[in-house]
Structures are given as C-alpha cells and as structure tokens.
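Structural characterization, general
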Amino acid sequence: MDRRKKLWVGICFAMVGLVILSQSLDGKDSKKGGNALVAKVDKSALTLEALDKQLENMRMPQMKSVTPDMKKDMVERWIESELLFQEAKKKGIDKKEDVLQRVEDMKKQVMIQALMQEKMKEIQVSAEEAEQYFNDHKKDFQIPEKAKIRHIQVTTEDEAKELIKRLGEGAKFEDLVVEKSQDVRTKGRGGDLGYMDRNQCKRRFDAAFETATFSMEAGGVSEPVKGKVGYHIIKLEEKQPAREEEFSNAKDRVEKMVLREKQMNEYKGFVESLKKKAKIERHLELLEEAKETSEVVK
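The notes below deal with the structure included here. (Residues numbered from 1 in each chain as written. Predicted model: local features only at pLDDT ≥ 70, side-chain atom pairs only at ≥ 80, totals over all residues. Heavy atoms only, no water.)

1. Re the overall build of the chain
On a plain count of helices and strands, the chain comes out with 13 helices and 9 strands. Taking all 298 residues of the chain together, the buried fraction comes to 31%. Contacts in the chain between residues at least 24 apart in sequence constitute 64% of all its contacts with a sequence separation of at least 6. Surface exposure of the chain reaches about 20500 Å², of which carbon and sulfur atoms provide 52%. (Helix = DSSP H or I, 4+ residues; strand = E, 2+ residues; numbered from the N terminus. Buried < 20%, exposed > 50% of the residue type's maximum accessible area, 1.4 Å probe, protein only. Contact = heavy atoms within 4.5 Å. Areas by Shrake-Rupley, 256 points an atom, 1.4 Å probe, with all protein chains shown as cover.)

Next comes the structure, spelled out in structure tokens:
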C-alpha cells in the first residue's frame, strides 16, 4: 500500500460525518442518481451523494485524486462506524450525560465554524490590494544573500588538511568529493549543496559553516571547518547579493497574507459587534479565588 493510500485509510477512520449523513431507506428509491445506494447496515444507508460530499469535505491539499480503491476503503470504514454507532445506541450511550455534553460541545463548534465560513467566503482580495500590501511591506519580501557551494565532509581535521593540500597541487574538487566525502546525499553530485542563504547554512550545518561560506569570494576554498559531524572543506562557486523580490513572483503568497489579515479583522470586528449587542457578565474574581485555593492545596 503506497503512502497516499495509507493517508486516506487513516483519514477514513474519522467517519463521524458519514455516520451523520447516513439515511434511513424508508421506501426511498435507492437506484436514482446521487441517491444510489452504496452500502446499507440494517435501516441505515450510505448513498453515493453522501459519500461524495464527505470526500469533498475531507479532501486534503496533497490529494490530487480519489481512486476507486480509496472509495471502497471509505465504504468499509463507514460500515464499521455504523455498526459501532448502532451498538452504542443499543447500550444507551447516547443517553449518558457526559456524552450528551460532548455532543452539544461539538454541535456548538460545528455551528461556529459554519457561521464563520459564511462570513469569510464573502471576503475577496483584489489585485490592487495585494500590490499595495506588497509595496507597504517590501522589507518582508527580501530575497536574502545566497551562495552556491560544494563541500567535502571528512572525519578529522588532518584529513581535511591533506585534501586541501591536494587541491593546491591541482586535484579537482569534484574528484575528491567522490573519493573522500562522507556526505552520502551530495557525494554523487560532486558535493553540490546548491544555493543556500545564511540561515539555511546554520540550520543544516552550524554558524561556523555559515561564517566560512560567506566570508569567501567566488572561487575560494575554505580551510577545514569543524561541523556538527566531522570537518568540511567548502568551495564557494557563486554569490548572489540580497535583492527585492518581484511582485509577480510573490503575488500568490501576498494574496494569502492579505486574505488572512482581512479575515482576522473581520472576525475581530464581528465579535466586537456581537459583544455590544449582548448582555455579558464577568466574575473574574472567582479565578483569583481558585488560584489561591490551589496554592493552599500545594
């Protein structure tokens, strides 16, 4: 089973929505269109319409398509969930006070979510708004200085010094990578690390690696640099200075940022308007009393 299928099988266990969407047959025609019957457990039925609706609700960004096998898995998960749901009802679990409270809490959250979705879907971001935001926040869209580098990783400083000596005698850097480097991820491509900025150098290696890299000129080779693991010899092939990003490249990200900001402002304004209409009481002194009691118990 591939990773994508495993992911969907995992999601399928969260089948509350499908259980809720289950329908009682009650003599309905189960053969027509979206109401076509996919599965049945006693009097509860799962229709194609309900299945497709839940699949749409559960769709994740990394899922490009839903295969027939995935749908079959979901049907089996629905049958299992429905069996457990019916057994819980037989045992009266749906009448228990704590269960009723949890159901009510869940209902409240679902209603809040639906309310805010209705509010938020009205919010749009124009191209003019996005460009204005970009122009007002250009410092947030700087492309940092980057270096195109290769490296050789060895165990000891003496090994690194010996390789630097060989480089001085005319050995090719890429040949020494293949011969000596212990970094298996870059060994097959001549030690190529691509373009890295200062933060990327620090995160992947450490501050010493970053300092050595950005203190060189293009074409330079470092002295041995002690890293988290072993020693590195760094070759700087090219430097790209920091520069401003073009709006055309950042447009999608900017639109999402503006949308989130507008949604947050809408949320805050909406809640404040509701507060003004409502009669609200706060007895925050009780929280202090609870704190004092807790300290005495300790």
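2. Details of helix 12 (residues 247–277)
When the terminal C-alpha atoms of helix 12 are compared, their 42 Å separation across 31 residues agrees well with the 45 Å that a helix rising 1.5 Å per residue should span. Those residues of helix 12 lying buried are Phe-247, Ala-250, Val-254, Val-258 and Phe-270. Of the surrounding elements, those touching the buried residues of helix 12 are helix 5 (97–120) and helix 6 (127–136). (Expected span 1.5 Å × (residues − 1).)

3. Quick notes on unusual backbone geometry
Even without glycine at this site, Asp-42 takes up a positive phi of about 55°. Examined against the element boundaries, Asp-42 turns out to sit in the loop between strand 2 (37–41) and strand 3 (44–47). Its relative accessible area of 55% is what places Asp-42 among the exposed residues.

4. Digging into the pattern of salt bridges
Using the criterion set out here, one finds 21 salt bridges in the structure. A salt bridge links Glu-266 to Lys-119; the nearest nitrogen and oxygen atoms lie 3.3 Å apart. Taken together, the residues Glu-266 in helix 12 and Lys-119 in helix 5 connect sequence positions 147 residues apart. The class for Lys-119 is partly exposed, based on a relative accessible area of 21%. (Salt bridge = Lys/Arg side-chain N within 4 Å of Asp/Glu carboxyl O.)

5. Brief notes about the packing of helix 6 against helix 12
Each pair of packed helices can be summarised by the angle the axes make with each other and by the distance between the axes. One can describe the packing of helix 6 onto helix 12 by two numbers: an axis separation of 8 Å at closest approach and a directional angle of 100°. In terms of axis orientation, helix 6 runs roughly perpendicular to helix 12. Side by side, helix 6 and helix 12 meet where Ala-127, Glu-129, Ala-130, Glu-131, Tyr-133 and Phe-134 of the first sit next to Phe-247, Ala-250, Val-254, Glu-255, Met-257, Val-258, Glu-261 and Lys-262 of the second. (Axes fitted to C-alpha atoms, helices over the stretch in contact; angles between N-to-C directions. Parallel < 35°, antiparallel > 145°, perpendicular 65-115°, else oblique.)

6. Brief notes about the sheet that holds strand 7 (residues 225–226)
Within the open sheet, the 4 strands sit side by side as 6-5-8-7. Their pairing is antiparallel. The open sheet has two edge strands, strand 6 (192–197) and strand 7, and neither has a second partner. Sheet strands touched by helix 7 (residues 157–168): strand 5 (146–154) and strand 8 (231–240). Its angle to strand 8, the strand with the most contacts, is close to 50°. (Pairing = 2+ DSSP bridges.)

7. A word on the nonpolar core
The biggest cluster of nonpolar side chains holds 13 residues, and the ones touching the most others in it are Ile-149, Leu-193, Met-196, Cys-201, Phe-209 and Ile-234. Elements supplying a minimum of two residues to this core: strand 5, strand 6, helix 11 (207–214) and strand 8. Setting aside residues up to four positions removed in sequence, Ile-149 forms contacts with Gly-191, Asp-192, Leu-193, Gly-194, Met-196, Cys-201, Phe-209, Thr-213, Ile-234, Lys-235 and Leu-236. (Core = buried A, V, L, I, M, F, W, Y, C linked by side-chain atoms within 4.5 Å.)

8. Digging into helix 11
Where helix 11 is concerned, the buried positions are Phe-209, Glu-210, Ala-212, Thr-213 and Phe-214. Where helix 11 begins, the capping side chain belongs to Asp-206, and its oxygen is found 3.2 Å from the backbone nitrogen of Ala-208. (Polar contact = N/O pair within 3.5 Å; in protein donor to acceptor, adjacent residues only side chain to side chain.)

9. Digging into the side chain of Asp-197
Take Asp-197: it is sitting in strand 6. At 3.0 Å, the side chain of Asp-197 forms a polar contact with the backbone nitrogen of Asn-199. Within the structure, Asp-197 has its side chain in polar contact with the backbone nitrogen of Gln-200 (distance 2.7 Å). If sequence neighbours within four positions are ignored, Asp-197 has contacts with Pro-144, Glu-145, Lys-146 and Phe-214.

10. Let's talk about the packing of aromatic side chains
Scanning all chains against the criterion turns up 3 aromatic pairs. For the ring pair Phe-134 and Phe-141, a centre distance of 5.1 Å and an interplane angle of 45° mean the geometry is tilted. For the residue pair Phe-134 and Phe-141, the accessibility class agrees, reading buried in each case. Judged by centre distance (4.0 Å) and plane angle (15°), the rings of Phe-205 and Phe-209 are stacked. Taken together, the aromatic side chains of Phe-134, Phe-141 and Phe-247 make up a single cluster linked through ring pairs. If you follow Lys-119 out to its NZ or CZ, it ends over the ring of Phe-270, 4.5 Å from the centre. (Phe/Tyr/Trp six-rings, centres within 6.5 Å; stacked < 30°, edge-to-face > 60°. Lys NZ or Arg CZ within 6 Å of the ring centre and 35° of its normal.)

11. A word on the packing of helix 5 against helix 12
Taken N-terminus to C-terminus, the directions of helix 5 and helix 12 make an angle of 120°; their axes are 11 Å apart at the nearest point. On the basis of the axis angle, helix 5 is oblique to helix 12. Considering how the two elements wind past one another, helix 5 and helix 12 form a crossing that is right-handed. Each of Leu-115, Met-116, Lys-119 and Met-120 in helix 5 lies in contact with helix 12, whose residues at this interface are Gln-263, Glu-266, Tyr-267 and Phe-270. Residue composition of the contact of helix 5 with helix 12, by class: 5 nonpolar, 1 polar and 2 charged. (Left-handed = near helix turned anticlockwise from the far one by under 90°. Nonpolar A, V, L, I, M, F, W, Y, C, P; charged D, E, K, R; others polar.)

12. Topic: the pairing of strand 5
Of all the 9 residues making up strand 5, 8 are buried; the element is thus mostly covered by neighbouring parts of the structure. As defined by bridge partners, strand 5 adjoins strand 6 across 5 bridges and the pair is classed as antiparallel. Across the sheet, residue Lys-146 finds its bridge partner in strand 6, namely Asp-197.

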